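Below, each chain spelled out in residue letters.
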Amino acid sequence: VLLLFAAATDYRGIAGRQLSDPLATTISDLDKAKGKSFAQLRAAQKTDHENLFNRVTLTLPKTQNSRLATDQRLAAYREGAADPALSALFANMGRYLLIGSSRPGGLPANLQGIWAEEVHTMWNGDYHFNINTQMNYWPALTCNLVETQEPMNTFIASLVEPGSKTAKAYYNSPGWIAHRLTNIWGYTAPAGMDIGGPAWLCEHLWEQYAFTLDKDYLAKVYPIMRSSVEFYLFNLYEEPENKWLVTGPSASPENGFNQPNGKPGSGICLGPTIDMQQLRELFGNTVRAAKILGVDAELQSELKTKRARLAPNQIAPDGVLQEWLKPYEEREPTHRHCSPLYGLYPYYEITADGTPEMAEAARKLLDRRGVGQSTGWSNAWRVNLWARLGDAEKSIEFAHRMLTDNCFDNMLSQFRPVPRKLFQIEANFGLTAGIVEMLMQSQPDSGEIDAQPIIRLLPALPKEWPAGKVTGLLARGGFEVDIEWADGEVVEVTIHSLKGTPGKVRYGSQMIEINLKAGESQKLAATR
């Protein structure tokens, strides 16, 4: 039996595509399909999927357990059996999920991707801008799945109109704002007072250019970034003590602090560290975009001036990266959210090479956050954070926690293992990105506006991955990277230039400059 199923809707959708007659649409789709055999339909589906999935390959050491069914492999892994290739399987699963839940013309992946057994899903199947939606797209660029970002980009663009109304109604402000929660109908009113979400969304818009150097694309998304900047410029205030520019009222998601009298505070504050990091990133990226496009010279100058006045990262008296303007007492020192570490990952203004003292403060804050049982997305974020610090063993420790504490037998991620097992998909995507981040990074050494990306080879390679091979990873600056290693050392690297721009490759203390034409490749036999 060959059963054909089609579905359509008259929902207008974020892309503005309106189906005036869903019934006619489904009939047309079925008519097209029924003229093809199952073999033809299967071949078309396979080709469509493989065109995306086969861009990247990842091989890690296999064991006898690699032959087991996935649920049995996970059970053995939880009992302590070595299985390095399980991490590769998880990363491949993450790429599969992203391909399946975010394709051009559709909606972006929500908190459950597209996989939800309930009629009423947890958190309404919404989009949360204090990390969850963004984490869904962390592997999109590094895993060479640029097309999967299109629904996210379109969704961001759809928030500008309702977000402009919210900015006017609640702040009497130009520009646009979307608060912590939104949905496919463009809800942008306050729902949680952290206001850095749009700046974080604009990071995704810029990063696609940083990886692809597609100037036509940049011209399309620049107005969204500029409008976001207009909101934040209007809502900056000079704090009295240091004359820094800060946001407010805002909050550091999702932790709070105690008041000086010891009573719990609301968490509402001026200038939380994450806001300041996000605005330095947004202002810097907007300056770079405007410069590349040759527009808005006055705005560039204003952004440079005000960016320099934003409240800086601070080290608290106890040596940790400070979460707020003042060294307030954390209400929950082991909180799952690592908000002030946004500047370490996904942004890169805190780096081991460029800002070693701040990187050490970030490390101390990560240590304070602890290693106790946490949510899946939190453990996934920490894999990336520790990888940015170059700590391979800490990175793999949290990857272990993901696979043991936050993973169903079908490899979908658990929001938290107890008391109720809930599915939330962003940890699948976050750990996929983290596994890549352990093998290859391409961020600059600092968050300075003109800082150039550096491709880093095996920056956080754990001992349990002594050998392996990864191909097709996308790096900032328009490069694809293949890496093969054995005995913990690089054997061969191939750099493919997509745009013909110069670049740098770092392995250990060795720095190699590359200068290729578009379409050319260079093999490197790197040694530390």
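Thresholds, definitions, all that
- Residues numbered from 1 in each chain as written.
- Predicted model: local features only at pLDDT ≥ 70, side-chain atom pairs only at ≥ 80, totals over all residues.
- Heavy atoms only, no water.
- Helix = DSSP H or I, 4+ residues; strand = E, 2+ residues; numbered from the N terminus.
- Rg over C-alpha atoms; globule rule 2.2 N^0.38 Å.
- Buried < 20%, exposed > 50% of the residue type's maximum accessible area, 1.4 Å probe, protein only.
- Areas by Shrake-Rupley, 256 points an atom, 1.4 Å probe, with all protein chains shown as cover.
- Lys, Arg positive; Asp, Glu negative; His and termini not counted.
- Charge placed at Lys NZ, Arg CZ, Asp CG, Glu CD.
- Pairing = 2+ DSSP bridges.
- Axes fitted to C-alpha atoms, helices over the stretch in contact; angles between N-to-C directions.
- Salt bridge = Lys/Arg side-chain N within 4 Å of Asp/Glu carboxyl O.
- Phe/Tyr/Trp six-rings, centres within 6.5 Å; stacked < 30°, edge-to-face > 60°.
- Lys NZ or Arg CZ within 6 Å of the ring centre and 35° of its normal.

(A) Representation of the overall build of the protein within the structure. Across its full length, the protein holds 16 helices and 15 strands. At 23 Å, the protein has a C-alpha radius of gyration in line with the 24 Å of a compact globule built from 528 residues. Along the three orthogonal principal directions, the C-alpha set of the protein runs to about 75 × 60 × 55 Å. Sorting the 528 residues of the protein into buried and exposed places 56% on the buried side. Total accessible area on the protein is roughly 22300 Å²; 52% of this is exposed by carbon and sulfur atoms. A gap of 2 Å separates the mean positions of the 53 positive and 59 negative side-chain charges of the protein.

(B) Quick look at the sheet that holds strand S11 (residues 479–486). The antiparallel open sheet is built from 5 strands, whose spatial order is S1-S10-S11-S12-S15. Only two strands of the sheet have a single neighbouring strand rather than two, namely strand S1 (57–59) and strand S15 (521–524). Averaged over neighbouring strand pairs, the angle between their axes works out to 20° when direction is ignored. Of the pairings in the sheet, the one linking strand S12 (residues 489–497) to S15 comprises 4 bridges and is antiparallel in character. Bridging across to S15, histidine 496 finds its partner in serine 521.

(C) Quick look at the sheet that holds strand S8 (residues 440–441). One open sheet accounts for 4 strands, arranged S8-S9-S13-S14; its pairing is mixed. In the strand order of this sheet, the two ends are held by S8 and strand S14 (510–514), each with one partner. Bridging between strand S13 (residues 503–507) and S14 involves 5 bridges; their strand directions are antiparallel. Within the sheet, the bridge partner assigned to lysine 504 lies in S14 and is glutamate 513.

(D) Summary view of the pattern of salt bridges. The tally for this structure, following the rule as stated, stands at 28 salt bridges. Two residues, arginine 78 and aspartate 409, come together in a salt bridge whose shortest N-O distance is 3.2 Å. Of this pair, arginine 78 sits in helix H3 (residues 70–78) while aspartate 409 sits in the loop between helix H15 (392–405) and helix H16 (426–439), placing them 331 residues apart in sequence. You can call arginine 78 partly exposed: its relative accessible area is 31%. Looking at aspartate 409, the relative accessible area reads 41%, which means it is partly exposed. The salt bridge involving arginine 369 is made with glutamate 323; its shortest N-O contact spans 3.1 Å. Placement of the pair is arginine 369 in helix H13 (residues 356–369) and glutamate 323 in the loop between helix H12 (297–307) and strand S7 (329–330), with a sequence separation of 46 residues. Looking at arginine 369, the relative accessible area reads 2%, which means it is buried. One network of salt bridges, in which partners are shared, links Asp318, Glu323, Glu330, Arg368 and Arg369.

(E) Examining the packing of aromatic side chains more closely. This model, assessed by the stated rule, comprises 12 aromatic pairs. Ring geometry for tryptophan 324 against tyrosine 328: centres 6.3 Å apart, planes inclined by 50°, an arrangement best described as tilted. Residue classification places tyrosine 328 among the partly exposed residues on the basis of a relative accessible area of 33%. Positioned over the ring face of phenylalanine 53 is arginine 95, at 4.0 Å from the centre of the ring.

(F) The arrangement of the pairing of strand S10 (residues 468–475) in detail. With respect to burial, S10 is a largely interior element, 7 of its 8 residues being buried. In this structure, S1 lies alongside S10, joined through 3 bridges in antiparallel fashion. Within S10, the residue paired with threonine 57 across the bridge is threonine 471. In this structure, S10 lies alongside S11, joined through 6 bridges in antiparallel fashion. Counted as the bridge partner of alanine 475 is phenylalanine 479 from S11.

Everything listed here is a matter of geometry and, on its own, says nothing about what the molecule does.
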